Amino acid sequence: IILNAGELNEKSVVEVKKFLEIGEDFHTEFKAEALWSVTYNPIQLKESKSFELREYGQRASKIIIAKSIAAFLNSDGGNLIIGIKEKKEERKLEVIGIEEDMKKTREPGIDGYKRVLIDEVIRAFFPSKIFNHLNDYISFEFVALEGKVVCWIKIKKSDSRVFLKLNDKEIFMIRVDSENRTLDGEKLVDYCIKKWSHKS
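Model, not experiment: these values are computed from the prediction.

Engineer: For the packing of helix H4 (residues 60-74) against helix H6 (residues 110-125), give the residues involved together with the corresponding values.
Structural biologist: H6 packs onto H4 with a crossing angle of 70 degrees between their chain directions and a minimal axis gap of 10 Å. Put simply, H4 runs roughly perpendicular to H6. When you trace H4 past H6, the crossing you get is right-handed. The residues of H6 that touch H4, namely those facing Lys62, Ile63, Ile65, Ala66 and Ile69, are Val116, Glu120, Val121, Ile122 and Phe125. Broken down by class, the residue content of the contact of H4 with H6 amounts to eight nonpolar, no polar and two charged.

So this is what it looks like as structure tokens:
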């Protein structure tokens, strides 16, 4: 995949490299792929040890991306970068790019990939206010790093609470340190009051 000159923003390359140096934290998360589960067959899904795969089937990887985006929206905003693999044993990050991931989209290339993220993640699982005002909250940038392309999703913090709709359940995610957590019950109420009640 060749990025046009207009898409090759040197400043962005520098910024993404900085995120890689710092590693995952409250404002940054890395994912290797967004579409890895779409090719799983029913037997693989049934035998999987992953809660997400058993619960959500082939949509699991998109839902994991949705949960990350929602956690940033409900916290302080942040950066989700797809195409970066975490090598836990070696404690280092490897740039693998989204080239393989892009092959799983109906329409190949960056535009097709972005469309999947918008239609099959944002539109599918988020409230319409996020989808209808997408540019207020979320932007996508494709950055060339080490000869590969990564997808940098920049997320602003939301001005009101954002619930994901998953299998008829509403799920509320927040970012705690470098992890995403689900909140419910009392904790959810407390969090929302502290975070948003000063705004009508």
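There's plenty left to go through after this.
Engineer: Residue-level account of the sheet that holds strand E7 (residues 164-166), with values.
Structural biologist: Strand order in the open sheet formed by three strands is E7-E8-E9, with antiparallel pairing between adjacent strands. The outermost strands of the open sheet, each flanked by one partner alone, are E7 and strand E9 (179-183). Ignoring strand direction, the axes of neighbouring strands in this sheet form an average angle of 45 degrees. Summarising the sheet, strand E8 (residues 169-176) and E9 pair through five bridges and their orientation is antiparallel. Considered in E9, the bridge of Phe172 is made with Leu183. The sheet strands contacting helix H9 (residues 185-196) are E8 and E9, and the helix crosses E8 at an angle near 60 degrees.

Engineer: Go over the pairing of strand E3 (residues 84-87), please, and point to the residues and values.
Structural biologist: Two strands pair when backbone bridges link them, and E3 and strand E4 (residues 92-95) are joined in this way by four bridges, in the antiparallel orientation. Paired with Lys87 across the bridge in E4 is Lys92. Hairpin connection between E3 and E4: a loop of four residues separates the two successive antiparallel strands, and Arg91 in this loop has a positive phi of roughly 55 degrees.

Engineer: Tell me about the nonpolar core, and name the residues and values.
Structural biologist: Most often, soluble globular proteins keep nonpolar side chains buried together rather than apart. Core analysis: the biggest nonpolar cluster contains 42 residues, and Ile69, Tyr113, Phe126 and Ile153 have the highest contact counts within it. With nine residues, H4 is the largest single contributor of residues to this core. Residues contacting Phe126, with those up to four places away along its chain left out, are Ala66, Ile69, Ala70, Leu73, Val121, Val162 and Leu164. Core analysis: the second largest hydrophobic core is formed by 12 residues, Leu20, Ile81, Val95 and Val150 among them.

Engineer: Which residues make up the sheet that holds strand E1 (residues 28-31), and what values go with them?
Structural biologist: Reading across from one edge, E1-E2-E6-E5 is the order of the four strands in this open sheet, with mixed pairing throughout. Because the sheet does not close on itself, it has two edges, and the strands there are E1 and strand E5 (138-145). Taken over all neighbouring pairs, the strand axes of this sheet differ in orientation by 20 degrees on average, direction set aside. In terms of strand pairing, E5 meets strand E6 (residues 148-155) through eight bridges, oriented antiparallel. Residue pairing in the sheet places Ile138 in a bridge with Ile155 of E6. Against the sheet, H4 makes contact with E1, strand E2 (78-82), E5 and E6, and its axis sits at roughly 160 degrees relative to E2, the strand it touches most.

Engineer: Requested: an account of the pairing of E2, with residues and values cited.
Structural biologist: Burial within E2 is extensive, with five of its five residues counted as buried. Side chains of E2 alternate between two faces, with Gly78, Leu80 and Ile82 and Asn79 and Ile81 buried alike. Sheet analysis places E1 next to E2, joined by four bridges and oriented parallel. Opposite Thr28, over in E2, you have Asn79 as the bridge partner. Pairing analysis gives five bridges linking E2 to E6, with the strands arranged antiparallel. Each bridged residue has a counterpart across the sheet, and for Gly78 the counterpart in E6 is Ile155.

Quick notes on the rules
- The residue count restarts for each chain, going from 1 along the sequence in the order it is written.
- This being a predicted model, a pLDDT of at least 70 is required before a residue's local features are given, and a value of 80 or more before pairs of side-chain atoms are given or counted; all residues contribute to the totals for chains, interfaces and linings.
- By convention in this description, side-chain values take in all heavy atoms of the structure and omit both hydrogens and water.
- Where helices are involved, their axes are fitted lines through C-alpha atoms of the stretch in contact, as for all axes, and angles between N-to-C directions lie from 0 to 180°.
- Only runs of H or I of at least four residues qualify as helices and only runs of E of at least two qualify as strands under DSSP, and these elements are numbered from the N terminus.
- Any angle that is under 35 degrees is reported as roughly parallel, and any over 145 degrees as roughly antiparallel; angles of 65 to 115 degrees are reported as roughly perpendicular and all others as oblique.
- By the definition used in this description, the sense in which the near helix is turned from the far one sets the handedness, with an anticlockwise turn below a right angle giving left-handed and a clockwise turn giving right-handed.
- Only heavy atoms enter the contact rule, under which two residues are in contact if any of them lie within 4.5 Å.
- Amino acids outside the nonpolar list (Ala, Val, Leu, Ile, Met, Phe, Trp, Tyr, Cys, Pro) and the charged list (Asp, Glu, Lys, Arg) are all regarded as polar, and Gly is one of them.
- Only strands that DSSP links by at least two bridges are regarded as paired with each other.
- Side-chain atoms within 4.5 Å link the members of a nonpolar core, which is a set of buried Ala, Val, Leu, Ile, Met, Phe, Trp, Tyr and Cys residues.
- Think of it in three bands: residues with accessible area under 20% of the maximum for their type are buried, residues over 50% are exposed, and the middle band is partly exposed, with areas taken using a 1.4 Å probe on protein chains only.

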